[in-house]
Amino acid sequence: MRPLVWTQFAIGALIVGAMAVPVWAQSATDKPTADQSETPTTVTTVTPIPVAVDPPPAPPNPAVLTGMNWVERPTGQDFARNYPHDAIRNNIEGRVVLDCLVGADGRLSCAVISENPPGHGFGDASLRISREFRAARKTVDGRS
């Protein structure tokens, strides 16, 4: 949006500037005489010309695996064992977003992207539980 507005402004300024005569280019004979009015008789309105600005290209999409076959998954007991003890005592729920890579052996290697609320151990707990997952070598549709 800003490039379009700036472009319109710049084009409008160029058009207005081209129509005006610079002071240094005016001669002494260009000064109005006593019988000429010094008030302008014509007002020109310049309408900016819309210029299309192409958006920048989107970054390439990373490979996202769907249809995973899990060879090993954590149980409810695994989740309960890894839940932060402080959060259990204070009845606090949390949400964590992990960015994970699936290794050749099917194990996950993860990093915490976001943790809410911070400081209660949900990120560390999520990293621990992520080690309990192991994926099959191929997805449901046969991709490696």
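Just above, that's the structure.
A brief look at the structure comes next. Note that the structure is a prediction, hence the values are computed from the model and not measured.

Further remarks concern the overall build of the protein chain. Looking only at helices and strands, the protein chain has four helices and four strands in total. Of the regular secondary structure in the protein chain, the N- to C-terminal order runs α-β-α-α-β-β-α-β. Taken across its 144 residues, the protein chain has 13% of its residues classed as buried. Within the protein chain, counting contacts between residues at least 6 apart in sequence, those at least 24 apart form 66% of the total. When the accessible surface of the protein chain is summed, it comes to about 11800 Å², and 58% of that surface belongs to carbon and sulfur atoms.

Let's shift gears to the packing of aromatic side chains. This structure, assessed with the given rule, holds two aromatic pairs. Ring centres of Tyr-83 and Phe-122 lie 5.5 Å apart, and the angle between their planes is 85 degrees; this geometry places the pair in the edge-to-face category. Note that Tyr-83 is positioned in the loop between α2 (76-82) and α3 (85-89) and Phe-122 in helix α4 (residues 122-130), a separation of 39 residues in sequence. Note on Tyr-83: relative accessible area 29%, which makes it partly exposed.

Here the focus is the environment of Val-140. By secondary structure assignment, the location of Val-140 is in the segment after β4 (134-135). Taking the C-alpha atoms as reference points, Val-140 and Met-68, separated by 72 residues in sequence, lie 6.3 Å from one another. Val-140 has contacts with Gly-67 and Asn-69, leaving out every residue within four places of it along the chain.

As for its position among the elements, Asn-69 is in the loop between α1 (2-19) and β1 (70-72). A relative accessible area of 36% means that Asn-69 is categorised as partly exposed. Put simply, Asn-69 and Thr-139 are 70 residues apart on the chain and 6.0 Å apart in space, counted from C-alpha to C-alpha. Not counting residues within four places of it along the chain, the set of residues in contact with Asn-69 comprises Arg-134, Ala-135, Ala-136, Lys-138, Thr-139 and Val-140.

Another point: the side chain of Asn-82. Looking at where Asn-82 falls in the secondary structure, it is placed in helix α2. Only 2.8 Å separates the side chain of Asn-82 from the backbone oxygen of Asp-78, close enough to count as a polar contact. There is a polar contact of 3.2 Å between the side chain of Asn-82 and the side chain of Arg-128. When sequence neighbours within four positions are dropped, the list of residues in contact with Asn-82 reads Ala-125, Arg-128 and Ile-129.

Each value, and the rule that gives it
- Residues numbered from 1 in each chain as written.
- Predicted model: local features only at pLDDT ≥ 70, side-chain atom pairs only at ≥ 80, totals over all residues.
- Heavy atoms only, no water.
- Helix = DSSP H or I, 4+ residues; strand = E, 2+ residues; numbered from the N terminus.
- Buried < 20%, exposed > 50% of the residue type's maximum accessible area, 1.4 Å probe, protein only.
- Contact = heavy atoms within 4.5 Å.
- Areas by Shrake-Rupley, 256 points an atom, 1.4 Å probe, with all protein chains shown as cover.
- Phe/Tyr/Trp six-rings, centres within 6.5 Å; stacked < 30°, edge-to-face > 60°.
- Polar contact = N/O pair within 3.5 Å; in protein donor to acceptor, adjacent residues only side chain to side chain.

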